[in-house]
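A closer look at the structure
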Amino acid sequence: MDLSKGGGSSTVMDTRVVFAIALKSTATSIILAHNHPSGNLRPSSDDIRITKKLKDAAKLLDIELHDHLIISENNYFSMAEEAYI
């Protein structure tokens, strides 16, 4: 489900919307993903900050955040595999 659409360099994502959807779906876990059209898979400081914020919020709601993926045309970056989660 699309939660945000942005321009070429940024987007705005509301944590409350993410968890409203998860709670309405009675989700016990979630995986987040967003793209980097540039192809640069390195997470930005905002990517890292929002992942921590979402992980903390998920914990309070007893929802497991399995991963936050950054997707490009030919590859991906897993925050879980790289120990950000």
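Residues numbered from 1 in each chain as written. Predicted model: local features only at pLDDT ≥ 70, side-chain atom pairs only at ≥ 80, totals over all residues. Heavy atoms only, no water.

A short note on the side chain of Ser-72
With respect to the element layout, Ser-72 can be found in the loop between β2 (64–71) and β3 (76–78). Residue Ser-72 is classed as buried on the basis of its relative accessible area of 15%. Not counting the four nearest positions on each side in its chain, Ser-72 is found in contact with His-36, Gly-39 and Leu-41. (Helix = DSSP H or I, 4+ residues; strand = E, 2+ residues; numbered from the N terminus. Buried < 20%, exposed > 50% of the residue type's maximum accessible area, 1.4 Å probe, protein only. Contact = heavy atoms within 4.5 Å.)

Topic: the side chain of Asp-67
By the element assignment, Asp-67 lies in strand β2. Buried and unpaired, Asp-67 has no salt bridge, with Lys-55 as the nearest side chain of opposite charge at 11 Å. Of note is the side chain of Asp-67, whose polar atom sits 2.6 Å from the side chain of Ser-78. Apart from residues no more than four positions distant in its own chain, Asp-67 is found in contact with Ile-30, Ile-31, Leu-32, Ser-78, Met-79, Ala-80 and Ile-85. (Lys, Arg positive; Asp, Glu negative; His and termini not counted. Salt bridge = Lys/Arg side-chain N within 4 Å of Asp/Glu carboxyl O. Polar contact = N/O pair within 3.5 Å; in protein donor to acceptor, adjacent residues only side chain to side chain.)

What about the packing of helix α1 (residues 15–24) against helix α2 (residues 45–60)?
It is the contact of α1 with α2, at a shortest axis distance of 11 Å, that shows an interaxial angle of 40°. In terms of axis orientation, α1 runs oblique to α2. Seen from above, α1 lies across α2 with right-handed handedness. Facing α1, whose interface residues are Thr-15, Val-18 and Phe-19, α2 presents Ile-50, Lys-53, Leu-54, Ala-57 and Ala-58. The residue makeup of the contact of α1 with α2, split by class, is six nonpolar, one polar and one charged. (Axes fitted to C-alpha atoms, helices over the stretch in contact; angles between N-to-C directions. Parallel < 35°, antiparallel > 145°, perpendicular 65-115°, else oblique. Left-handed = near helix turned anticlockwise from the far one by under 90°. Nonpolar A, V, L, I, M, F, W, Y, C, P; charged D, E, K, R; others polar.)

Regarding the sheet that holds strand β1 (residues 29–35)
One open sheet holds the three strands; their spatial order is β1-β2-β3, and the pairing between them is mixed. Every interior strand has two partners, whereas the edge strands, β1 and β3, have only one. Across the sheet, the axes of successive neighbouring strands diverge by a mean angle of 20°, strand direction being ignored. In this structure, β2 lies alongside β3, joined through three bridges in antiparallel fashion. (Pairing = 2+ DSSP bridges.)

A word on the environment of Ala-33
Relative to the helices and strands, Ala-33 is located in strand β1. Sequence separation between Ala-33 and His-68 is 35 residues; the distance between their C-alpha atoms is 5.4 Å.

Comments concerning α2
Counted at 1.5 Å a residue, the expected span for α2 with its 16 residues is 22 Å, and the 23 Å between its end C-alpha atoms agrees. Taken residue by residue, α2 has Asp-47, Ile-50, Thr-51, Leu-54, Ala-57 and Ala-58 as its buried positions. Projection of α2 onto a plane perpendicular to its axis shows the buried side chains occupying an angular sector of 135°, all on one side. Exposed side chains of α2 directed beyond 90 degrees from the buried face belong to Ser-45, Lys-52, Lys-59 and Leu-60. Along its buried surface, α2 packs onto α1, β1 and β2. Where α2 ends, the next residue or the one after it, Asp-62, has phi of about 60°, a positive value. (Expected span 1.5 Å × (residues − 1). Arc of directions from axis to C-beta.)

Geometry only, nothing functional implied.
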